[in-house]
Amino acid sequence: MRFFLVSILAIAVAACSGPSSRKAPRRPNIVVIYADDHAERAIGACGSPFAHTPNIDRLAAGGMRFTQSFVANSICGPARATFLTGLHSHANGMTSNRSRLRRDVPNIAQRLQAAGYRTGVIGKWHLDSDPEGFDDWALLRGGYYNPDLVTAAGRSPTTGYTTEIVTENALRWLEARRGKDEPFFTWISHTASHRTWRPGPQYLKRYDGTRIEEPGTLFDDYAGRSRAAAEAQMRISRDLFPAYDLKLPVTGEGILDTNAENMLAGMTEGQRAAWRAAYDDKNRAFAEAELGGKELVRWKYQRYMRDYLRCVDALDDSVGAILDYLEESGLSENTIVIYTSDQGFFLGEHGWYDKRWMYEPSLRTPLIVRWPGVTQGGSTNDRLVQNIDLAPTLAAMADLRDEPEMHGASLVPLLRGQTPPWRDAIYYHYQQLDSGRTSHTVARHCGVRGERFKLMHLYDYDDWELYDLESDPDEVRNLYGNPEYAETAAALRETLADLQHRFGDRLQKR
Ligand code: CA
């Protein structure tokens, strides 16, 4: 009798869950909030000593944060191409900001669209093509204030702060999706916190009284490393432009006029007034102080960092507005929210701003995923993940069945809390050839990073660098050539050769 009952129950359960009677679960919506140059070290949830990001932290509290998240090529256009294709730069064609994304490589938006997703991109595009795979698009042309928006209908001017304009357009797009049957994917692509770090009117005076902690390598002397490090033009001490970056309008010999047209061009009267109210007095005080040497570098660092963090604050408010909307609209339950940046950024480490390098601050990028019912709230994952994994992850989230070649792996098992076999090293290749005043002249390099060691090859100079990230997290003691680490170096060179072979990447001579 007991056996009979169990059998009946089993049959009943099978009938309810069988393919014939099961209603297909609704595929999740996917919202990717994509920042530009937002370093992990400027996110509270990632342990920032100075950033306040309550909304990004709130996302992390509801989802999973990847503690070892990296990019494949730390620069804007190539990072976006890798996000869309799941491929390293050489394979998708976008090897530098001046390259072209290959048209014959399927992008994740096209694939989601073909599978019935409504797709939209709002904000920065930075690829030399129309936004293929997107039903709707509103792309930014311009900087932090009053940008133009380009849509299928044409180009139109806007008035306002760019981060907020991106947010408003994203909310409008989401509102139009509410109540529709089809799932959606949207890529909310900010220009913040990219150079020239112009804060919005409501953020201009934040951090005025706050002294931002300096990194230990602000006055790095680049000893022991390839000469490429000393040659790079991204020093806070020397390479920031007075007007554009430091908001110090200079005419002739000194700071004469904060109304310099090159800085305030394109602003409304109200925006100009707010700007001058924020900077004029501080600039006068700076001129009177007549700083020099290290004190001048420290001042520049403070100004850079305060403006950077003001731009991050606007990003964080944007995340808050999106999360609030999803909750209020009832969309939250079935919507995956991902926060990431195209790459990391130097916040004074090695005396630098900017990115490009395989050193940790620019190699790392924040990655937080909230998937209600799947990710455990407030969890972290320390596997080595990379932006080549994003497209495969989105494909798995949407249960796509096409399988184009991609270099990355789906993070979905990790998001589910599983522990599948995983890579023990990531491959990196920066390959933009640069020279001249407006470039950063960072030498091309490739390398591998494991859990503990990192090997870099500056192949135009045939220089090598090896770091033990455990004992030297700041990467100032190059161990390459040190006999104690000869075996480690040899093993990593083999890993590098293996990964280059596996991905089909060949170094191009000048
Ligand atoms: Ca960027």
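The structure presented is a predicted model; accordingly, all values stated were derived computationally and were not measured.

**Concerning helix 12 (residues 390-397)**
Of all eight residues in helix 12, seven are buried; the element is thus mostly enclosed. Restricting attention to buried positions, one finds in helix 12 the residues Leu 390, Ala 391, Pro 392, Thr 393, Leu 394, Ala 395 and Met 397. Positive phi appears at Asp 399, one or two residues downstream of helix 12, with a value of about 60°.

**Let's talk about the environment of Arg 452**
Among the structural elements, Arg 452 can be located in the loop between strand 16 (445-449) and strand 17 (453-458). Remark: the alpha-carbon pair of Arg 452 and Ser 332, spanning 120 residues in sequence, is separated by 38 Å. Those residues within four positions of Arg 452 in sequence are excluded, and the remaining contacts are Tyr 467, Asp 468, Leu 469 and Glu 470. Within the structure, the side chain of Arg 452 is placed 2.8 Å from the side chain of Asp 468, a separation counted as a polar contact.

**Notes on the confidence of the model for the protein chain**
Per-residue confidence for the protein chain gives a mean pLDDT of 92, with 92% of residues at or over 70. Counting contacts from residues 1-21, a segment whose pLDDT is below 50, to residues more than four positions away or on other chains yields three contacts.

**Notes on the pattern of salt bridges**
According to the stated counting rule, one finds 40 salt bridges in the structure shown. Residue Lys 454 is joined to Glu 475 by a salt bridge in which the shortest nitrogen-to-oxygen separation is 2.6 Å. In this pair, Lys 454 sits in strand 17 while Glu 475 sits in the loop between strand 18 (463-468) and helix 14 (486-503), placing the two residues 21 residues apart along the sequence. Overall, Lys 454 belongs to the buried group, its relative accessible area being 0%. Since its relative accessible area comes to 1%, Glu 475 is described here as buried. Several salt bridges converge on common partners, so that one network encompasses Glu 40, Glu 360, Arg 364, Arg 449, Lys 454 and Glu 475.

Rules of the game
Residues numbered from 1 in each chain as written. Predicted model: local features only at pLDDT ≥ 70, side-chain atom pairs only at ≥ 80, totals over all residues. Heavy atoms only, no water. Buried < 20%, exposed > 50% of the residue type's maximum accessible area, 1.4 Å probe, protein only. Helix = DSSP H or I, 4+ residues; strand = E, 2+ residues; numbered from the N terminus. Contact = heavy atoms within 4.5 Å. Polar contact = N/O pair within 3.5 Å; in protein donor to acceptor, adjacent residues only side chain to side chain. pLDDT = per-residue confidence, 0-100. Salt bridge = Lys/Arg side-chain N within 4 Å of Asp/Glu carboxyl O.

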